[in-house]
Amino acid sequence: MRELFQLFIAFARVGVMTFGGGYAMIPILEREIVDKRGWASSEELMDYYAVGQCTPGVIAVNTATFIGQKRRGIAGGIIATLGVVFPSLVIITLIAGILTSFSHIPAVEQAFSGIRVCVCVLIFNAVTKLWKKSVTDKATLVLCLLVFILSVFLDISPAVFVILCAGAGILFTKAGIRGK
Amino acid sequence: MIYLRLFYEFFKAGLFAVGGGMATLPFLYDISDSTGWFTHSQLADMVAVSESTPGPIGVNMATYVGYTTGGIPGAVIATLGIIAPSIIIILLIAKVLKAFRQNKYVDAAFYGLRPCSVGLIAAAGFLVLKLALFNTELYQSTGVLADLFNIKAIILAAALLVVTRYVNKLRNVHPIFFIAASAVVGIVFAF
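Quick notes on the rules
- Residues numbered from 1 in each chain as written.
- Chains lettered and ligands numbered in written order.
- Predicted model: local features only at pLDDT ≥ 70, side-chain atom pairs only at ≥ 80, totals over all residues.
- Heavy atoms only, no water.
- Helix = DSSP H or I, 4+ residues; strand = E, 2+ residues; numbered from the N terminus.
- Buried < 20%, exposed > 50% of the residue type's maximum accessible area, 1.4 Å probe, protein only.
- Contact = heavy atoms within 4.5 Å.
- Areas by Shrake-Rupley, 256 points an atom, 1.4 Å probe, with all protein chains shown as cover.
- Lys, Arg positive; Asp, Glu negative; His and termini not counted.
- Charge placed at Lys NZ, Arg CZ, Asp CG, Glu CD.
- Axes fitted to C-alpha atoms, helices over the stretch in contact; angles between N-to-C directions.
- Parallel < 35°, antiparallel > 145°, perpendicular 65-115°, else oblique.
- Left-handed = near helix turned anticlockwise from the far one by under 90°.
- Nonpolar A, V, L, I, M, F, W, Y, C, P; charged D, E, K, R; others polar.
- Domains from an automatic or database assignment.

A.B. asks: Would you mind going over the overall build of chain B in detail, with residue names and values included?
C.D. replies: Helix and strand counts for chain B stand at ten helices and zero strands. The N-to-C order of helical and strand elements in chain B reads α-α-α-α-α-α-α-α-α-α. Projecting the C-alpha coordinates of chain B onto the three principal axes gives extents of approximately 60 × 45 × 30 Å. Looking at chain B as a whole, 52% of its 191 residues are labelled buried.

Structure (structure tokens):
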């Protein structure tokens, strides 16, 4: 029971200190989980992180489930994950509540019009960063462009593209197109 | 039953969004289109808030959308929905971690999934672009081509692009600073 509680607290701390997720989380996990508590080694952490990236879902959540289940089995996995999302729940709910009551003020509207432009640029930067890691040959280039064009012009659920592309990945690898 | 639908939609996003935070974005646009719970411009605002607050972006966006749709219970349910598939999948593969990582089918599937994720995020970004830099509605009503472009926004976008990508000192600065600066520009220049 005690250790479950500690898991929750440790991952809630990770949640609070992670700004933006992804790679920003690694140094914080190193400090909280490896150095301070010795719950996993640096190598294990990198393994979890790598698998967290190649399984569906939010990477931070996946890593939390891994470490939690290693310590205390299924209950540990669930508690650690609830810990990592707990700060988000509190903070976002507060902000959303406040913003809803201020959103009709002209200055707030103008601020968000400016912010939207920034979001545009941030998404563009995220796309170019991911592009370098994912579009490595002709087949992936074609897949990426096809998905982009089809999802801009047609009303298809992203889940459909995900399933088809996983199949295409296996098919291309088997056919020996990969890497050309 | 809105809560059941919320859980289902976010479970789906958690299950199919591959590649971290931004990968949930296309699913959120899909939810917006199919349910009408929130608008595209609300969603862009939620992205900004999720980027500038602590916590993983994917989780923050789920909580925000959930709150907007169904208050505090909605926030909790959407968040649980997006983490449920992760918990199930990770608990299943934790025992066979090494085998999973080295499995050639998993590797081959991800070879196809990664570019797919990039394409989907780019398409979601395109929707934000249309909203932030162009006045499509104004153009449709006036028919004047100059009305289509939101000049102030385009200048800001170009400036941000240069600053975030090509100015070495600023490239690794946290996005929250650019978001804050853009908010100030938005107010000062009356966007």
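Moving on, there is more to tell.
A.B. asks: A description of the overall build of chain A should follow, citing residues and the corresponding values.
C.D. replies: Counting secondary structure elements, chain A contains seven helices and zero strands. Taken from the N to the C terminus, the helices and strands of chain A come in the order α-α-α-α-α-α-α. Expressed along its principal axes, the backbone C-alpha trace of chain A runs to roughly 55 × 50 × 25 Å. Buried positions account for 48% of the 180 residues belonging to chain A. Considering only intrachain contacts with a sequence separation of at least 6, the fraction spanning at least 24 residues in chain A is 47%. If you sum the accessible surface of chain A, you get close to 8,400 Å²; carbon and sulfur atoms cover 71% of it. One finds the centroid of the 16 positive side-chain charges in chain A at a distance of 2 Å from the centroid of its 10 negative side-chain charges.

A.B. asks: Please set out the packing of helix α2 (residues 25-35) of chain B against helix α3 (residues 40-51) of chain B residue by residue, giving values where relevant.
C.D. replies: All names here are of chain B. Where α2 meets α3, the axes come as close as 10 Å, and the angle between the chain directions of the two elements is 150°. Of the possible angle classes, the one that applies to α2 and α3 is roughly antiparallel. Judged by the twist between their axes, the crossing of α2 over α3 is right-handed. Residues Leu25, Leu28, Tyr29, Ser32 and Asp33 of α2 form the contact with α3, whose own contacting residues are His40, Leu43 and Val47. Considering only residue class, the contact of α2 with α3 consists of five nonpolar, two polar and one charged.

A.B. asks: Which residues make up the domain arrangement of chain B, and what are the values?
C.D. replies: In terms of domain boundaries, chain B breaks down into domain 1 (2-113) and domain 2 (140-188). Computed from C-alpha coordinates alone, the two centres of domain 1 of chain B and domain 2 of chain B are separated by 28 Å.

A.B. asks: Just give me the short version of the domain arrangement of chain A, but keep the residues and values in it.
C.D. replies: Each assigned domain of chain A is listed here: domain 1 (2-102), domain 2 (104-133) and domain 3 (135-180). A C-alpha centroid distance of 26 Å is found between domain 2 of chain A and domain 3 of chain A.

A.B. asks: Describe unusual backbone geometry, naming the residues involved and giving the relevant values.
C.D. replies: The phi torsion at B:Ala190 lies on the positive side, around 50°, for a residue other than glycine. Turning to its location among the elements, B:Ala190 is positioned in the segment after α10 (175-188).

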